[in-house]
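Structural features, examined
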Amino acid sequence: QLDLKVVKQWYQRRVRGVLNYYTNYYYKSNLRKMAETPRIEGRIDLDQPRWQQNTFFNRARHFFAVTDPRNALLSSSQLEGAKGLLQLYRVGQEPLGTTEEEVFNAKKMYESAFHPETGQKMNILGRMSFQVPGNMSICGMMLTFYKSTPAILIWQWVNQSFNAMVNYTNRSGNSDIPQSLLLKSYFAATGCAVGVAVGLNKATAKLPPLVGRLVPFAAVAAANCVNIPMMRQSELFDGIDVLDSEGNVVGRVPQQPGQPSSRSQPAGLSWQPPAWPSHQS
């Protein structure tokens, strides 16, 4: 004999489960579409980020994708394949059955390795996808080997070489930097970092170990104030190109480029302080 109460409960659970499934699927799919950049005639706009940049969350999603360390492991064939797919998609000749997710993945891979203005493949050390493993390794070495002068010289030199590579790789595409300027900027930043590090290391020799561990931060902070303006001074003095909606150069802005550099320095310094106050050895 059937228990009507049990049958009713079973039926309610089944109906509720089906409704919850389709409700969640509908809302999740629509929220994703609302967060993404609107399509143009049903196709992805490859010139815009995947996520609309009007909220902090979407901007964070965009930059997490740009700095994804996994992109640094992509082979040349994978990068060239992504580039080829995007070229075909632009003219509407992508392979039959290509999904939007495949296009977005190709866009993510392409943007991680190719300069946005020149389209040239960037050196892997200067790519944003290499920043996490690169900076993490170098900072770890600077914090570990900070007591001897040779160690300071080596790791401050490695750090400034890495910074110079990043700044040069991510310069404005139309900024031709003479080799002499590159060398001056490189040696100025490296000399500043080494000088500050060695000087402070000697000055804090008799202070608690925690103070000594702040020396790499001070050296990096001083060098950043030299490295960025010198490496990108052509943008500061000559300006950057202004493009119209179709990507055509309509002029140059001689003064505004100073604002990004002046803002990037405090931002760069703000994430340099160490987070290991409890380690006293």
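All chains use their own residue numbering, which begins from 1 and follows the written sequence. In view of the model being predicted, local features appear only for residues whose pLDDT reaches at least 70, and side-chain atom pairs are presented and counted only at 80 or more, with totals across whole chains, interfaces and linings using the full set of residues. Note that the side-chain values use all heavy atoms of the structure and ignore hydrogens as well as water.

Per the secondary structure count, the protein chain includes 11 helices and two strands. Helix numbers and strand numbers start at the N terminus; a helix is a DSSP run of H or I with at least 4 residues, a strand a run of E with at least 2. Going from N to C terminus, the protein chain has its helices and strands arranged as α-α-α-α-α-α-α-α-α-α-β-β-α. A burial count over the protein chain gives 30% of its 281 residues as buried. Throughout, a residue-residue contact means that at least one pair of heavy atoms, one from each residue, lies within 4.5 Å. Nonlocal contacts in the protein chain, meaning residues at least 24 apart in sequence, comprise 64% of its contacts between residues at least 6 apart. Each residue is assigned to one of three classes by its accessible area relative to the maximum for its type, calculated with a 1.4 Å probe on protein chains only: buried under 20%, partly exposed between the two thresholds, exposed over 50%.

By definition, a salt bridge exists where a carboxyl oxygen of Asp or Glu is found within 4 Å of a side-chain nitrogen of Lys or Arg. Scanning the model with the defined rule gives eight salt bridges in all. A salt bridge links R43 to E94; the nearest nitrogen and oxygen atoms lie 3.1 Å apart. Here the residue R43 occupies a position in the loop between α1 (4-35) and α2 (56-66), and E94 occupies one in the loop between α3 (76-90) and α4 (100-113), the gap between them amounting to 51 residues. We classify R43 as partly exposed; its relative accessible area is 29%. As a salt-bridge pair, E80 and K121 come within 3.5 Å of each other at their nearest N and O atoms. One end of the pair, E80, is in helix α3; the other, K121, is in the loop between α4 and α5 (131-144), and 41 residues separate them in sequence. Note on E80: relative accessible area 39%, which makes it partly exposed.

This part takes up α3. For α3, spanning 15 residues, the distance from its first C-alpha to its last is 21 Å, which sits close to the expected 21 Å at 1.5 Å a residue. All of the buried residues in α3 are L79, A82, L85, L86 and Y89. One side of α3 holds all its buried residues, which, seen down the axis, span an arc of 125°. Looking at the buried residues of α3, the elements they touch are α4. Just past α3, the residue G92 takes up positive phi, approximately 70°. Helix span, expected: 1.5 Å multiplied by one less than the number of residues in the helix. Taken from the helix axis, the directions to the C-beta atoms give the arc we talk about.

This part takes up the side chain of N71. Inspection of the secondary structure assignment puts N71 in the loop between α2 and α3. Here N71 is in contact with A65, K108, S112 and S129, once residues within four sequence places are set aside.

Attention shifts here to the nonpolar core. We call a set of buried residues a nonpolar core when its members are Ala, Val, Leu, Ile, Met, Phe, Trp, Tyr or Cys and they connect through side-chain atoms within 4.5 Å of each other. Counting residues in hydrophobic clusters, the biggest one holds nine residues: I44, L46, A82, L85, L86, Y89, V103, F104 and A106. Counting only elements with at least two residues in this core, the list comes to α3 and α4. Residue contributions to this core peak at four residues, all from α3. Look past the residues within four positions of L85 in its chain and what remains in contact with it is E94, P95, T98, E102 and A106. Counting seven residues, the second largest nonpolar core, distinct from the first, contains A72, M142, F162 and V166.

Moving on, we come to the packing of aromatic side chains. Stacked, tilted and edge-to-face are the three classes applied to pairs of Phe, Tyr and Trp rings, where Trp contributes its six-membered ring and a pair requires centres within 6.5 Å; stacked means planes under 30 degrees apart, edge-to-face means over 60, and tilted covers the rest. Enumeration according to the criterion identifies two aromatic pairs in this entry. With a centroid separation of 4.6 Å and an interplanar angle of 15°, the aromatic rings of Y110 and F114 are classed as stacked. Between F130 and F162, the aromatic rings sit 6.1 Å apart at their centres with planes inclined by 55°, giving tilted as the arrangement. Pair noted here: F130 is in the loop between α4 and α5 and F162 is in helix α6 (residues 149-169), with a separation of 32 residues, a long-range link. Between R43 and the ring centre of Y89, over which it is positioned, the NZ or CZ distance is 4.0 Å. Lying across the ring of F104, R50 places its NZ or CZ 4.1 Å from the centre. The criterion is that NZ of a Lys, or CZ of an Arg, lies within 6 Å of the ring centre and within 35 degrees of the ring normal, and then a charge sits over that ring.

Fitting a line to C-alpha atoms yields each axis, with helices limited to the stretch in contact; the angle taken between N-to-C directions then spans 0 to 180 degrees. Closest axis-to-axis distance for the α3/α4 pair is 8 Å, and the angle between their directions is 120°. What the angle tells us is that α3 and α4 run oblique. The two elements α3 and α4 cross, and the hand of that crossing is left-handed. Counting all contacts with α3, which are made through Q78, L79, A82, K83, L85, L86 and Y89, the residues of α4 involved are E102, V103, A106, K107, M109, Y110 and A113. We call Asp, Glu, Lys and Arg charged. Ala, Val, Leu, Ile, Met, Phe, Trp, Tyr, Cys and Pro are nonpolar, and the rest, Gly among them, are polar. Per-class residue counts for the contact of α3 with α4 are 10 nonpolar, one polar and three charged. Any angle from 65 to 115 degrees is called roughly perpendicular, while one under 35 is roughly parallel, one over 145 is roughly antiparallel, and all others are oblique. Handedness of each helix crossing follows the sense of rotation of the near helix against the far helix: counterclockwise by less than a right angle gives left-handed, clockwise gives right-handed.

On to the confidence of the model for the protein chain, then. Here the protein chain shows a mean pLDDT of 75. Residues at 70 or above account for 69%. Per-residue confidence from the prediction method is given by pLDDT, with values spanning 0 to 100. For residues 275-281, every residue scores under 50 in pLDDT, and the model assigns this stretch 11 contacts once sequence neighbours within four places are set aside.

Turning next to the packing of α5 against α6. Packing of α5 against α6 brings their axes to within 9 Å, and their N-to-C directions diverge by 160°. In this view, α5 runs roughly antiparallel relative to α6, as classed from their interaxial angle. In the packing of α5 onto α6, the handedness of the crossing is left-handed. Counting all contacts with α5, which are made through Q131, G134, N135, I138, M141 and M142, the residues of α6 involved are W155, Q156, V158, N159, F162 and V166. The residue makeup of the contact of α5 with α6, split by class, is seven nonpolar, five polar and no charged.

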